[in-house]
Amino acid sequence: MDLETQYEELKNYFGEKHLVIEFFNGDESEMDGLDPMETIKRMFSKVKVTHQPSGVIKTGTKSNKQIENAIYALTDLKAELLNKEL
């Protein structure tokens with residue numbers, strides 16, 4: 001499954017209206033010395049997802065790619081909420 005499809009399926013799982021997805025910069029020092037194009041690619045690559053009904057917040061910061069971090073955060077959110085149901 002491609003990343004776009006996985007991202008859309010995870011958003012649809014929760015209902016997009018129940019999510020607040022925010023993008024932010026990580027540690028600025030991580031971008032020191034990078035060429036300008038790489039710096040632009042990494043800007044706002046970190047993701048914070050808030051599930052409004054539960055108040056659970058998850059972040060995705062492992063990758064330099066925004067979509068991968070969003071998938072990490074949404075997957076962690078899904079796992080935590082499923083564990084709470086048990």
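Above this text is the structure in question.
Residues numbered from 1 in each chain as written. Predicted model: local features only at pLDDT ≥ 70, side-chain atom pairs only at ≥ 80, totals over all residues. Heavy atoms only, no water.

Okay, helix α3 (residues 66–85) next. The end-to-end C-alpha distance of α3 is 29 Å, a good match for the 28 Å that 20 residues give at a rise of 1.5 Å each. What α3 keeps buried is the set Ile67, Asn69, Ala70, Ile71, Ala73, Leu74, Leu77 and Leu81. (Helix = DSSP H or I, 4+ residues; strand = E, 2+ residues; numbered from the N terminus. Expected span 1.5 Å × (residues − 1). Buried < 20%, exposed > 50% of the residue type's maximum accessible area, 1.4 Å probe, protein only.)

In this section: helix α1 (residues 3–14). With 12 residues, α1 should reach 16 Å at 1.5 Å per residue; the first-to-last C-alpha distance of 17 Å fits that figure. Along α1, the residues classified as buried are Tyr7, Leu10, Lys11 and Phe14. The buried side chains of α1 occupy one side of the element, clustering within an arc of 100° when seen end-on. The inward-facing, buried residues of α1 contact β1 (19–24), β2 (46–51) and α3. Directly beyond the C-terminal end of α1, a positive phi value near 85° is found at Gly15. (Arc of directions from axis to C-beta. Contact = heavy atoms within 4.5 Å.)

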